[in-house]
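Descriptive structure summary
Here is what each chain is made of, one letter per residue.
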Amino acid sequence: MEILVNNKGFANTIIFVHGAYHGAWCWNEKFIPFFVEKGFNTYSFSFRGHGNSEGEKKLSKYSIKNYVEDLKYILDMCKTPPIVIVHSMGATIVDALFKYYTPDISKLIFLAPTPVKNMLFGAVRSAVLSSRQSSVEIFLDGQISEAECEKYEKLIVVQESKKVMLNVVLGLNRPVINKKIETLVIGSWTDKVVLSKDVLQRAEYYKARLVMVDGICHDMMLSNRWRTVANCILDFINENKNI
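This section reports on the structure supplied with the text. Computed from a predicted structure; not experimentally measured.

Considering all chains together, one arrives at 16 aromatic pairs under this definition. Taking 6.4 Å as the distance between ring centres and 55° as the angle between the ring planes, the aromatic pair formed by Phe98 and Tyr206 counts as tilted. Of this pair, Phe98 sits in helix H4 (residues 90–100) while Tyr206 sits in helix H9 (residues 196–206), placing them 108 residues apart in sequence. Assessed through its relative accessible area of 7%, Phe98 is described here as buried. Judged by relative accessible area, which is 5%, Tyr206 ranks as buried. Counting every residue linked through ring pairs, the aromatic cluster contains Phe16, Trp27, Phe31, Phe34, Phe35, Phe40 and Trp226. The ring centre of Phe236 lies 5.0 Å from the NZ or CZ of Lys107, which sits over that ring.

Strand order in the open sheet formed by 7 strands is S1-S3-S2-S4-S5-S6-S7, with mixed pairing between adjacent strands. In this open sheet, the two strands that pair with only one neighbour each are strand S1 (3–6) and strand S7 (209–213). Ignoring which end each strand starts from, the neighbouring axes of this sheet average 15° apart. Sheet topology places strand S2 (residues 12–17) next to strand S3 (residues 40–45); 5 bridges connect them, and they run parallel. Looking at S3, one finds that Ile15 is bridged to Tyr43. Helix-sheet contacts for helix H3 (residues 64–77) involve S1, S2, S3 and strand S4 (83–87), and the interaxial angle to S3 is about 155°.

Right, let's talk about the nonpolar core for a bit. Residues Ile15, Phe31, Phe35, Leu71, Leu111 and Ile233 are the most contacted members of the largest nonpolar core, which totals 77 residues. With 7 residues, helix H10 (residues 226–238) is the single largest residue contributor to this core. For Ile233, the residues in contact, after removing those within four places along its chain, are Phe31, Phe35, Ile85, Ile109, Leu111, Leu184 and Ile186.

Evaluation of the coordinates by the stated rule reveals 9 salt bridges. In this structure, Arg48 and Asp70 form a salt bridge, with 2.7 Å as the shortest nitrogen-oxygen distance. Within this pair, whereas Arg48 is found in the loop between S3 and H3, its partner Asp70 is found in helix H3, the two being separated by 22 residues in sequence. For Asp70, a relative accessible area of 6% corresponds to the buried category. For Lys72, the salt bridge goes to Asp76, with nearest N and O atoms at 3.0 Å. Note that Lys72 and Asp76 are positioned in helix H3 at a spacing of 4 residues, about one turn of the helix. Looking at Asp76, the relative accessible area reads 51%, which means it is exposed.

This part is about the pairing of S7. Sheet analysis places strand S6 (residues 182–188) next to S7, joined by 5 bridges and oriented parallel. Among the inter-strand pairings, Ile186 is bridged to a residue of S7, identified as Val211. One crossover worth recording links S6 to the parallel S7 by way of H9, and it is right-handed.

Time to look at a negative patch on the surface. On the surface, Glu137, Glu146, Glu150 and Glu153 cluster together to form a negatively charged patch. Sorting elements by how many residues they give to the negative patch places helix H7 (residues 146–155) first, with 3 residues. Tracing the backbone through its elements, the reader meets Glu153 in helix H7. Exposure remark for Glu153: the relative accessible area of 45% places this residue in the partly exposed category.

What counts, and where the lines are drawn
Residues numbered from 1 in each chain as written. Predicted model: local features only at pLDDT ≥ 70, side-chain atom pairs only at ≥ 80, totals over all residues. Heavy atoms only, no water. Phe/Tyr/Trp six-rings, centres within 6.5 Å; stacked < 30°, edge-to-face > 60°. Helix = DSSP H or I, 4+ residues; strand = E, 2+ residues; numbered from the N terminus. Buried < 20%, exposed > 50% of the residue type's maximum accessible area, 1.4 Å probe, protein only. Lys NZ or Arg CZ within 6 Å of the ring centre and 35° of its normal. Pairing = 2+ DSSP bridges. Axes fitted to C-alpha atoms, helices over the stretch in contact; angles between N-to-C directions. Contact = heavy atoms within 4.5 Å. Core = buried A, V, L, I, M, F, W, Y, C linked by side-chain atoms within 4.5 Å. Salt bridge = Lys/Arg side-chain N within 4 Å of Asp/Glu carboxyl O. Right-handed = clockwise from strand over helix to strand, strands pointing away. Patch = residues over 30% accessible without salt bridge, like charges linked within 9 Å, V, L, I, M, F, W, Y side chains within 5 Å. Areas by Shrake-Rupley, 256 points an atom, 1.4 Å probe, with all protein chains shown as cover. Lys, Arg positive; Asp, Glu negative; His and termini not counted. Charge placed at Lys NZ, Arg CZ, Asp CG, Glu CD.

The following block contains the structure:
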């Protein structure tokens, strides 16, 4: 499994969890340098079949439990409870994680997350969009440079596990919520992938703080407005933090 580690011996560690069609690379572009500079150890990884992880040819056979085991492996590497930042489909993987395990997490942040319940309408809308636009256009909505567009187009995988996507669409993983974990949900009113009502639903389910940003794309960690989101996360992490 591809694992990118920046362990500088800081007191706090962040694990970054990517979404569908992406890999560890999507965090390494902007977010990881930012949070390392702010004093955090970071771990990012690619689920099997994604990024530079092995198993691309078997991608269609992987289940959500396989992805959960990948995430659990990274969590077990941490000596202290980490902060977990999750994007898009990664939210469904975290839901399943809570279904199977009781992970020791200090804070949890969802970015443009898939809903806890089904996203049937959102899936139909995404299917219609994908017939008209490229993945980069849908995920980033023109909020990056032409050079970045060409770069990311080569990195985004062309397929995803059908078994996992079925879990996402049907909402088959209702997690048992650990109310002790402080949770933040950040969504966008203009997201082309996840409906704002689905973001609101997740925040309500997790009893989380909700921040809705206007005019930012689905891949908010790669957008030209990524600092707005990163600073929002940083403020949340630093609340009630003993330094």
